[in-house]
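Chains, contacts and geometry: an overview
Take a look at the letters that make up each chain.
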Amino acid sequence: MRRSHRTIRFRLTVGFMAVVLAANTAISAITVIHIGNVLLDEVQTRVRLNLNSARQVYDSRLRELAHYLNGVGLDRLRFAPTTVSEPSEALDVLLTKIKEEGELDIVQLVSPMGTIVHRTGSSKHPAGGIHNNPLVEEVLRSRLVQSGTVVFSAEELVREDDSLPELVRMKLLPTEAARATSRTIHDGGMAMAVAVPVQGPQGEFSGVLFAAKLLNQRFDMVDAIRNQVFQGQVWKGKELGTATIFQDDVRIATNVMSLDGTRAVGTRLSAEVYEAVVERGESWADRAFVVNDWYITAYEPIRDPRDQVIGVLYVGLLEEPFSRPHRLFQILFPLLMAITSAVSFGLYLLVTKSILQPVGRIIGLSKKVIAGDLTPRLGIRPPGEMGVLCEAVDRMADAIVEREGKLKELAARQIGKSQKLAAVGRLAAGIAHEINNPLTGVLTFSHLVKEKPNLTEADRRDLDVVIRETTRVREIVRGLLDFARETPSEKRPTDLNAVISRTIKLFRSQKDVRIAVREQLDPTLPTVNADPNQLQQVFLNLCLNAWEAMPGGGTLTITSVQERGMAVVQIDDTGTGIDPELLDRIFEPFFTTKAPGKGTGLGLSVSYGIIQQHEGTMTVESAKGLGTRFVVSLPIPEGRVMIRNQEEEQS
Ligand SMILES: Nc1ncnc2c1ncn2[C@@H]1O[C@H](COP(=O)(O)OP(=O)(O)OP(=O)(O)O)[C@@H](O)[C@H]1O
Ligand SMILES: [Mg+2]
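Let me begin by describing the structure that accompanies this report.

Conventions used here
Residues numbered from 1 in each chain as written. Chains lettered and ligands numbered in written order. Predicted model: local features only at pLDDT ≥ 70, side-chain atom pairs only at ≥ 80, totals over all residues. Heavy atoms only, no water. Core = buried A, V, L, I, M, F, W, Y, C linked by side-chain atoms within 4.5 Å. Buried < 20%, exposed > 50% of the residue type's maximum accessible area, 1.4 Å probe, protein only. Helix = DSSP H or I, 4+ residues; strand = E, 2+ residues; numbered from the N terminus. Pairing = 2+ DSSP bridges. Axes fitted to C-alpha atoms, helices over the stretch in contact; angles between N-to-C directions. Contact = heavy atoms within 4.5 Å. Expected span 1.5 Å × (residues − 1). Bend = angle between axes of the 7 residues up to and from the residue. Near = heavy atom within 4 Å. Polar contact = N/O pair within 3.5 Å; in protein donor to acceptor, adjacent residues only side chain to side chain. Areas by Shrake-Rupley, 256 points an atom, 1.4 Å probe, with all protein chains shown as cover. Nonpolar A, V, L, I, M, F, W, Y, C, P; charged D, E, K, R; others polar.

Our next topic: the nonpolar core. Counting residues in hydrophobic clusters, the biggest one holds 67 residues, and the most contacted among them are Leu69, Leu209, Ile225, Ile245, Tyr299 and Val315. With twelve residues, the single largest contributor to this core is helix α1 (residues 2–77). The next biggest cluster of nonpolar side chains, apart from the first, holds 47 residues, and it includes Ala432, Cys543, Ile610 and Val620.

Rendered as structure tokens:
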């Protein structure tokens, strides 16, 4: 019992835990993965937007340059004290001023024919020659302001200014994952360039003013991007956002820092990004390891006016500030789920304990009841069905107590009655023995005296009285001996129905019977082991009593039936009935309600004695004024008990 109750709890627990763990694990996994994807998407979108902003900063710088140059081209050169078509001291002063004010690196004046009229710069390289410059060519053609990003080779730079090669020259630093290269030095330059048309005093087209501002090793642009796009946010001492300008694959301006705290110029683009952005001209966004940290990055090509990819614009967001909370979430969320599982398991145990606790109590109570202790009760009424069950169990225990009490009382009464009758029987038997012998003497001698010839008629009559009364006493004594079971019975297989029929015949012949007599005998009744004469005496006594109880007539019914291995004979009358308080006494010897001399009160006690001797029982039920029922049950020997089948029952 205990084991099965444990199994129920065990099974419930395992089932519950399986469901909770599966659900929580699934939720954890899905949430962590989903949140991770959402976060990555979010950061990448943000970096793309940042790259757009960076491009706008770049373009606006270019526009500013164009505005500046257009302004000076229109005003100063138009009304210059000298003509633009020939080099002169005054022109050099003017152009140098424009260069310095505009923080420019290269300034050229080109004739409408396309030859360089004047160059500023230390090299004083002779002017002349056809200018191979797409921006200038476009202005010559369209007479409109042109701007863009252009590349200068080292030779071209020298031609402009001796100091320029030195300015752009940088060592290439070994970079993991970059394309293989044999170069160790980067010496070209990339610049923002503008070409504007110049007009003469009469408004005629008189040449092209071209200016360029190198981007190499100039950090104002990338820092402006950082400040405007990322508002200079710092995370743990590191720039949160970084920007870089690449010329081809070389980092020429950046605010990504090397470990030594210097700007990481000279490092190169990874081969993968190079292929995508420079070779295929695509933009590229992903996480990438840049110099010495992981970044969420975005790259897009920088094109020259001929639409060739000459460089790359890059922005990157330090990954850690975003990945850290995600990593924390990756740990904390499953941890939270584990705690939730543990707490729900705990609650579950509490609940099942409170539910199953009454079961344990019920088991305990039943064990006690089985052991014979009827006093304990559950006393608890948990809510719901369990409460109903507990109440039912308590009520069941109450019912057992009540039933047991009744049985004990009945048994005690039965024992008391048979003990009393046994004691009376022993007494009666003792007296009967003592009286029997003298009675025999009195009878014998009375008969002898009666034979004497010299007796008077009166003497003989007196002697007859002596003989008659003594005979009567002897009958009584014999009855007493019967009751005390002193008279041995001769048992043999006996047909009860036959005994009953014979008794009724005898009864009818003896008495002037003015009552109805009914026989309801079961023809299939098996024989019992009994002394038929004694049984006849029992049934006769019962019939006589019934007859005596019905002085005004009535019905006497005798029924025989087989019941639970017993042959049962029922004698019912519709007579006066018996007072309830007398019911217990009617089996006592000499108990009678008849007038003195009418009855001895031995009929029932003798009958009781006989039935006891046959290992049977005899009981009485009576209702005052309605009638009385005597029930005699005799055991049917085993093997003779008939199991009646349905056919017989129906017929
Ligand atoms: N069928 C009955 N109906 C009503 N009372 C009965 C019935 N049978 C017995 N009694 C009561 O039980 C008493 C005892 O009966 P029991 O047969 O032992 O003695 P009795 O009939 O009085 O005398 P006896 O049988 O010796 O002539 C009766 O006096 C009567 O009061
Ligand atoms: Mg009687």
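Moving on, there is more to tell.
Ordered in space as β16-β18-β19-β21-β20, the five strands form an open sheet in which the pairing is mixed. For this open sheet the edge positions go to β16 (516–520) and β20 (617–623), each flanked by a neighbour on one side alone. Across the sheet, the mean angle from the axis of one strand to that of its neighbour is 15 degrees, orientation sign disregarded. Relative to strand β21 (residues 627–635), β20 runs antiparallel, the two being bridged by seven bridges. By the bridge assignment, Glu621 is partnered in β21 with Arg629. Contacts from helix α13 (residues 603–613) reach β20 and β21, with the element oriented near 140 degrees to β20.

On to unusual backbone geometry, then. Negative phi values dominate among residues other than glycine, just as trans dominates among peptide bonds. Phi angles above zero are rare outside glycine, and Glu103 is one such case at about 50 degrees. Checked against the element boundaries, Glu103 lands in the loop between α2 (89–101) and β1 (106–110). For Lys236, which is not glycine, the phi dihedral falls at a positive 50 degrees. Here Lys236 is to be found in the loop between β8 (234–235) and β9 (238–239).

With 52 residues, helix α8 (residues 320–371) extends 73 Å between its outermost C-alpha atoms, agreeing within 8% with the 76 Å of an ideal straight helix rising 1.5 Å per residue. A maximum bend of about 30 degrees is found in α8 at Ile355, where proline Pro358 lies one to four positions downstream. Gly372 lies just past α8 and shows a positive phi near 105 degrees.

Attention now moves to the site of ligand 1. As a structural note, the neighbourhood of ligand 1 is formed by 21 residues, with Thr592, Thr593, Lys594, Thr600 and Leu604 the closest of them. Within the side chain of Lys594, a nitrogen or oxygen atom sits 2.6 Å from an oxygen atom of ligand 1. Thr600 is positioned such that a nitrogen or oxygen atom in its side chain is 2.6 Å from an oxygen atom of ligand 1. In isolation ligand 1 offers 590 Å² of accessible surface; the protein chains occlude 89% of this area. Elements represented by at least two residues in the shell around ligand 1 include exactly α12 (532–549), α13 and β21. The element contributing the most residues to the shell around ligand 1 is α12, with four residues. Within the shell around ligand 1, the residues separate by chemical class into eight nonpolar, ten polar and three charged.

Honestly, it's all geometry; don't read function into it.
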